[in-house]
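Residue strings, one per chain:
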Amino acid sequence: MRTGWYNFFMFIGTVCSWAAWIMVLTQYHPNSSGSIAFVYFFASLFLALLGTIFLLSYFLQARIIGRLSALQSIRSCTRQAILLSALLVFSLALQGWRLLTWYNAVLLIALLTLIELLFITRERRPLNT
């Protein structure tokens, strides 16, 4: 897929995800809807944050800094958007259940940093399989 189409679909998906998140906020009451409302809330928030972080980081990395090719920018921006969105949504979910402490936050950050470092080292030296 060309990078322009990928960015276009990410933009459309981000707009739809933010609209879905707003609909969840206004339509579902957590006490009457049960756990499905929380699933909709966190899933739509994750997708909305993913698209927003990707679009902002791609614009910054590809257009302003411009040291990587478009394909490399898309790969790294998508990966980093997924990890940062997961960090934010997991932190919010833990805080919603009153389970977020400083060592849980440090553990989440360390785990996601380790995952990012694994991806970076694999890109530099791919496995010959």
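All values derive from a computational prediction rather than experimental measurement.

Colleague: So what's going on with the packing of helix 1 (residues 3–27) against helix 4 (residues 70–96)? Which residues, and what values?
Modeller: Where helix 1 contacts helix 4, the two axes come as close as 10 Å, and the packing angle between them is 30°. Judged by the angle between their axes, helix 1 and helix 4 are roughly parallel. For the pair helix 1 and helix 4, the sense of crossing is left-handed. Between helix 1 and helix 4, the contacting residues are Thr-3, Tyr-6 and Asn-7 on the first element and Ala-70, Leu-71, Ile-74 and Thr-78 on the second.

Colleague: Account for unusual backbone geometry, with residues named and values stated.
Modeller: One non-glycine residue, Arg-98, adopts positive backbone phi at about 60°. Looking at the secondary structure, you find Arg-98 in the loop between helix 4 and helix 5 (102–124). Judged by its relative accessible area of 68%, Arg-98 is exposed.

Colleague: Describe in detail the nonpolar core, supporting the description with residues and values.
Modeller: Formed by 14 residues in total, the largest nonpolar core has its most connected members in Leu-45, Leu-49, Phe-54, Tyr-58, Ala-81 and Val-89. Of all the elements in the fold, those that place two or more residues in this core are helix 1, helix 3 (35–65) and helix 4. Sorting elements by how many residues they give to this core places helix 3 first, with seven residues. Residues within four places of Val-89 in sequence aside, it is in contact with Phe-42, Leu-45, Phe-46 and Leu-49. Grouped together as the second largest cluster of nonpolar side chains are five residues, Leu-83, Leu-94, Leu-108 and Leu-112 included.

Rules used throughout
Residues numbered from 1 in each chain as written. Predicted model: local features only at pLDDT ≥ 70, side-chain atom pairs only at ≥ 80, totals over all residues. Heavy atoms only, no water. Axes fitted to C-alpha atoms, helices over the stretch in contact; angles between N-to-C directions. Helix = DSSP H or I, 4+ residues; strand = E, 2+ residues; numbered from the N terminus. Parallel < 35°, antiparallel > 145°, perpendicular 65-115°, else oblique. Left-handed = near helix turned anticlockwise from the far one by under 90°. Contact = heavy atoms within 4.5 Å. Buried < 20%, exposed > 50% of the residue type's maximum accessible area, 1.4 Å probe, protein only. Core = buried A, V, L, I, M, F, W, Y, C linked by side-chain atoms within 4.5 Å.

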